[in-house]
Amino acid sequence: MYRVRSENMNFLKGRKADLDAVGGALSAARTHVKLLMITLSVCLLSACVTPNSSLPPLAENPMHARVTDPAARKQLQLGNPIGAAEIYTQKANRAENAEVRQDYTLLAAEILFDRSLYSEGQQRIDSLPEDLATLALSQRRDILLAKSFNFDREPEQALEILPDPNTVESAFHRARLYEAQAQAYSILQDPDSELIARIELEQNINDPAIIQQGHEQIWNLLTTQPLSNLRTMTTNVRGDVYQGWIELALTHAASGVQGDKRRSGMRDWQQRFPNHPANPEFVASLYMPSGFDSNQNLDTPINQIAVLLPLSGSNTAAVAAAIRDGLIAAHDHAKSQLQAPTLRFYDVGENAGYARTAYATAINDGAGAVIGPLRKNAVAAIASQRDIPVPTLTLNTIQGSGISAGTSNIIQFGLAPEDEARSAAARAAGLNLNNAVILQSDDSRGEREGRAFQDTMFLYGGNVAHIAVLPKDEYDYSKQIKEALGIDKSDERFKTLSRTIGEKLFFEPSIRNDIDVIFLAVTSEQARSVRPQLDFFHARAITRLGTSRVASLDDDPKNNKDLNTIYYPDAPWVLRKSLQNDPVRKSILATFPSAEGAYAKLYALGADAYQLVTNLNELSQGQRLQGYTGGLELTQDGRIQRHLDWAQYVDGVSENVKSVEAPSLPSITSSSIN
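Note that the structure is predicted; figures quoted are calculated from it, not measured.

Analysis parameters
Residues numbered from 1 in each chain as written. Predicted model: local features only at pLDDT ≥ 70, side-chain atom pairs only at ≥ 80, totals over all residues. Heavy atoms only, no water. Helix = DSSP H or I, 4+ residues; strand = E, 2+ residues; numbered from the N terminus. Expected span 1.5 Å × (residues − 1). Buried < 20%, exposed > 50% of the residue type's maximum accessible area, 1.4 Å probe, protein only. Pairing = 2+ DSSP bridges. Axes fitted to C-alpha atoms, helices over the stretch in contact; angles between N-to-C directions. Parallel < 35°, antiparallel > 145°, perpendicular 65-115°, else oblique. Left-handed = near helix turned anticlockwise from the far one by under 90°. Contact = heavy atoms within 4.5 Å. Nonpolar A, V, L, I, M, F, W, Y, C, P; charged D, E, K, R; others polar. Salt bridge = Lys/Arg side-chain N within 4 Å of Asp/Glu carboxyl O.

*Asks:* Help me get a handle on helix α10 (residues 191-202), residues and values and all.
*Replies:* With 12 residues, α10 should reach 16 Å at 1.5 Å per residue; the first-to-last C-alpha distance of 16 Å fits that figure. Where burial is concerned, most of α10 is hidden: 10 out of the 12 residues are buried.

*Asks:* Before we move on, could you go through the sheet that holds strand β13 (residues 640-643) and cite the residues and values that matter?
*Replies:* In spatial order, the strands read β11-β12-β13; together these 3 strands make up an open sheet with antiparallel pairing. In this open sheet, the two strands that pair with only one neighbour each are β11 (625-626) and β13. Judged from the 2 bridges that link them, β11 and strand β12 (residues 631-634) form a sheet pairing that is antiparallel. Directly across from Q626, in β12, lies its bridge partner G631.

*Asks:* Could you give me a rundown of the packing of helix α16 (residues 317-337) against helix α26 (residues 583-591), with the residues and numbers involved?
*Replies:* It is the contact of α16 with α26, at a shortest axis distance of 9 Å, that shows an interaxial angle of 130 degrees. One finds that α16 runs oblique with respect to α26. Both α16 and α26 take part in a crossing whose hand is right-handed. Residue-level contacts link G326, A329, A330 and H333 of α16 to P583, V584 and I588 of α26. Its residues placed into classes, the contact of α16 with α26 shows 5 nonpolar, 2 polar and no charged.

*Asks:* Just give me the short version of the sheet that holds strand β6 (residues 435-441), but keep the residues and values in it.
*Replies:* What the 7 strands build is an open sheet, ordered β7-β6-β8-β9-β10-β14-β15; its pairing is mixed. The sheet is open, and its two borders are formed by β7 (463-470) and β15 (653-657), each paired with just one other strand. The mean angle between the axes of side-by-side strands here comes to 25 degrees, regardless of whether they run parallel or antiparallel.

*Asks:* Describe the pattern of salt bridges, listing the residues and the values that go with them.
*Replies:* As enumerated under the stated definition, the model contains 29 salt bridges in all. Put simply, E110 and R140 hold a salt bridge, and the shortest N to O gap is 2.9 Å. Of this pair, E110 sits in helix α5 (residues 98-113) while R140 sits in helix α7 (residues 135-151); the two residues are 30 residues apart in sequence, bridging distant segments of the chain. On the basis of relative accessibility, which here comes to 7%, the residue R140 falls in the buried class. Among the salt bridges present, the one from R549 reaches D443, with a minimum N-O distance of 3.3 Å. Taken as a pair, R549 in the loop between β9 (543-546) and α24 (557-560) and D443 in the loop between β6 and α20 (444-459) lie far apart in primary sequence, 106 residues in all. Looking at R549, the relative accessible area reads 15%, which means it is buried. Accessibility expressed as a relative area gives 28% for D443, which makes it partly exposed. Look at the salt bridges and you will find they share partners, linking R531, D535, R540, R544 and D562 into a network.

Geometry only, nothing functional implied.
This is the structure we're talking about:
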């Protein structure tokens, strides 16, 4: 097996060497995309993810066991993996022994690849000779190349180049192999193989924090599967661990939001799978409240609020400034009404490690509460600290495992496309619409919105019968819509019948009868094409729900008639006419005209952040605050849930409609391993 792989290495090395040539163009394209996302504001805010955001803290990451150089460890502690990798690159350059030199080079590449710094990591791999000193070194290189193929969305090549796990002696590197394998199967949308790979991954590690992350990744995989997929997977003979995970997901889906049924189902599952690795800690944690402690004493007045923002960040300065200005406007209004706490701003730039330093400085400066930081990796750096001494309202959200155990002062708040998708699923549940089709754009936002809608539908006891991805730069979606509505099967039955009786029959296509809602995770331009095509294919009577992305940027009724019948949620700042005379909003618009355009919800986010921190008592007692980004409510897991306003297009005009509330969902924690 190794000999065959070596013969293919020239092709693979040549293909990966091309990444350096393409890397500059890709980097420039990514920079352009980021700048465009800043212009669109909310997209950037909700996607402020840097590569190391999903890694566990320094002391908990097993990779750091091999990073023994004190200077390199210091660089990792400061959030500078490129600096850490460079230290090992220099050690490799000084090494006289080929095996030692290659080991250091691979270690530098692994540091970078583990943080998704693929271009920088690839440069280290390209410096290696084709034939490495040992089989183990070649296997480590193959695992990194597989990760690079996954990054390029080429999972088949990734699976082909991965070594046979039985030949990899190191349990740690077997775990890395299974991780790359799971990533490939995730791209291929093969949940059966991905689950097997993640189970194998867990069997090769013994770090409790990493095992917990693995459990959460498995849970995220299973709870975003259609029920039909889960039921099919139960027929696979894969062992008790595999079967236990599937049964746990089915038990969870069957219980919906019924607390008694959920507890009874979990007890039954624990009795049937007493030795399952998810039992008992992970199962108990699924519904265990975490995050902000609503029982703590909040009577002490907050005299100073520290605000941590990346005001000098090259990609976040405009976003951070809009949030800052919204905060200041809310503070100035409060100061005109009564005594208000002092605001003190700290520029944390783009270095997650510096966010920790700024946080400690703010506490030493006397901050009684903290707002920020903004970027996901900076939020993770703060939330993973063992000591969070004051209430801290983050301006972005991270997954559960990024929060240090026992943390009770973290409140997560932000603007995310997933919020709107969950709101759409809640509306569907509130209207007793239980069977959905998802039409989503072929981009990361469409995928995120589609997954969030699907996951929430499952939690409410509903189902997603079909997901259709609409291709880019095309406006004829008849093939995807016919498949989603089951018309292609109706066509086939008609053709079969015609052939059987030998006569040409009159045929009117019929859609499947088990669909009562269509979720549109698409752009406004796509929605203009989708809506008429749905009507053409006899789906006029099915409710259509979208996100604010379907809303038009202009108010031209003639141009917007193709959006008719589509319901969508958005922030009160955008939809609620009664806010036209709100003093804070008027003050912001008078000074910052962009607050009515692309940056609108960022100013609203800043104003709401101030309101939340200065009303912690009310929040902790279950009170819903009326904010500019939505009705703001503190959940049991320390997150701010936004209850959004709703609108619908009628005769090309967006008109407000009544919001529909559904029962509150149980708290679920999930995370990912990259």
